[in-house]
Structure formats: C-alpha cells, structure tokens
Amino acid sequence: VEVTGERRIELVADSLGGFVVRLGLVVHDVAGCVKTVITVGTPHHGTHSARFADTVTIRELRPDSALMRRLASTPWPRGVRGATFWSRSDVMVLPPESATIEGTHQIEVTPFTHYSYLIDPRSWSLVRRELELAASRPSPTPSCDASPVA
C-alpha cells in the first residue's frame, strides 16, 4: 500500500504463497489493505502429501495441524474478493478440493497440474480475467493500517 499508493492491493499467490497471504489476512489482520486475493493450488485445508516431509513449515500444511484448525474456524474476510484455482490433476494438494475455500470464487482448472499453473499461459489468462472482474466491481471503503508487521 505504501509502495503503490493504492488504497488497497490485489494479490496473486501460488501454492504455499497463498497460505502465507491467508495467514496475513487472518493472523496479522491486513484484510483492510487487500481488495482481491487469487490463490493458485494453495492447500487452504491442508494436504495429505505433507505427511511425506518433516519440516516445521510442511507439518503446518497437514490437515490436522493446529494452524489448519485455526484457519478452518476463521471465515474468508468480508470485503476481500477471493478466487481459488484448483485442479483434480494437482497431486500436491490432496484432496484437490482442499485448494478451495468457502467465500471465494472457486475455479476448477483441470487438467492443470501443480506445476503447470505457473507455466501454462492459459492459467495466467484466467488470473488476468479474475483481476479484471475485481477491477470492475466497487470496493468497500478500506480500513487499512499499513504499518509494518513485526
């Protein structure tokens, strides 16, 4: 917000990046600064594939982690337009529907895979379309405190 001069920003995040954005919305309460969030292949409800790695970050992506339970109990923030891209061919987010979240526009993009989201031009055309839709809609009055998060 301070960098762009815009009153509210639009964010596009892939995979773990979408999880980080969601943490910012929920834990650090920055939703007032955000107009739109588009996540691509983000395990919003965790992923069973996280059971195959044992790092602090990956353990948090397990469906039964304390952080996933906390996020599950927190609704999508009002006033933030959300779009979640998901695919039945994404073998990193299991089950694939875990990449969706109530309160967002859920866009199935099968046959994209977890990696083709980033390299297939059709994916970015869809993202651009979602951003154009967001730009065409009025935004609620923001209540943005752009102070740095500690």
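Bear in mind that the values here come from a model prediction, so they are computed numbers and not experimental data.

Caption draft 1: Representation of the pattern of salt bridges within the structure. Inspection of every chain in the model, using the stated rule, returns 8 salt bridges. Note that Arg 51 is salt-bridged to Asp 64, the shortest N-O span being 3.9 Å. One end of the pair, Arg 51, is in the loop between strand E2 (34-40) and helix H2 (56-60); the other, Asp 64, is in the loop between H2 and helix H3 (66-72), and 13 residues separate them in sequence. Two residues, Glu 108 and Arg 88, come together in a salt bridge whose shortest N-O distance is 3.1 Å. Pair noted here: Glu 108 is in strand E4 (residues 105-108) and Arg 88 is in the loop between strand E3 (81-86) and E4, with a separation of 20 residues, a long-range link. With a relative accessible area of 39%, Glu 108 lands in the partly exposed category. Several salt bridges converge on common partners, so that one network encompasses Asp 54, Arg 59 and Arg 62.

Caption draft 2: Focus on the packing of aromatic side chains. Counted according to the given criterion, the structure contains 1 aromatic pair. Geometrically, the ring pair formed by Phe 112 and Tyr 117 is edge-to-face, given 6.4 Å between the ring centres and 85° between the ring planes. Per residue, the accessibility class of Phe 112 equals that of Tyr 117, and both read buried.

Caption draft 3: Region of interest: the pairing of strand E1 (residues 9-14). Both E1 and E2 contribute to a ladder of 6 bridges, which runs parallel. Residue pairing in the sheet places Asp 14 in a bridge with Val 40 of E2. Handedness of the β-α-β unit built from E1, helix H1 (residues 16-26) and E2 comes out right-handed.

Cut-offs used in this document
Residues numbered from 1 in each chain as written. Predicted model: local features only at pLDDT ≥ 70, side-chain atom pairs only at ≥ 80, totals over all residues. Heavy atoms only, no water. Salt bridge = Lys/Arg side-chain N within 4 Å of Asp/Glu carboxyl O. Helix = DSSP H or I, 4+ residues; strand = E, 2+ residues; numbered from the N terminus. Buried < 20%, exposed > 50% of the residue type's maximum accessible area, 1.4 Å probe, protein only. Phe/Tyr/Trp six-rings, centres within 6.5 Å; stacked < 30°, edge-to-face > 60°. Pairing = 2+ DSSP bridges. Right-handed = clockwise from strand over helix to strand, strands pointing away.

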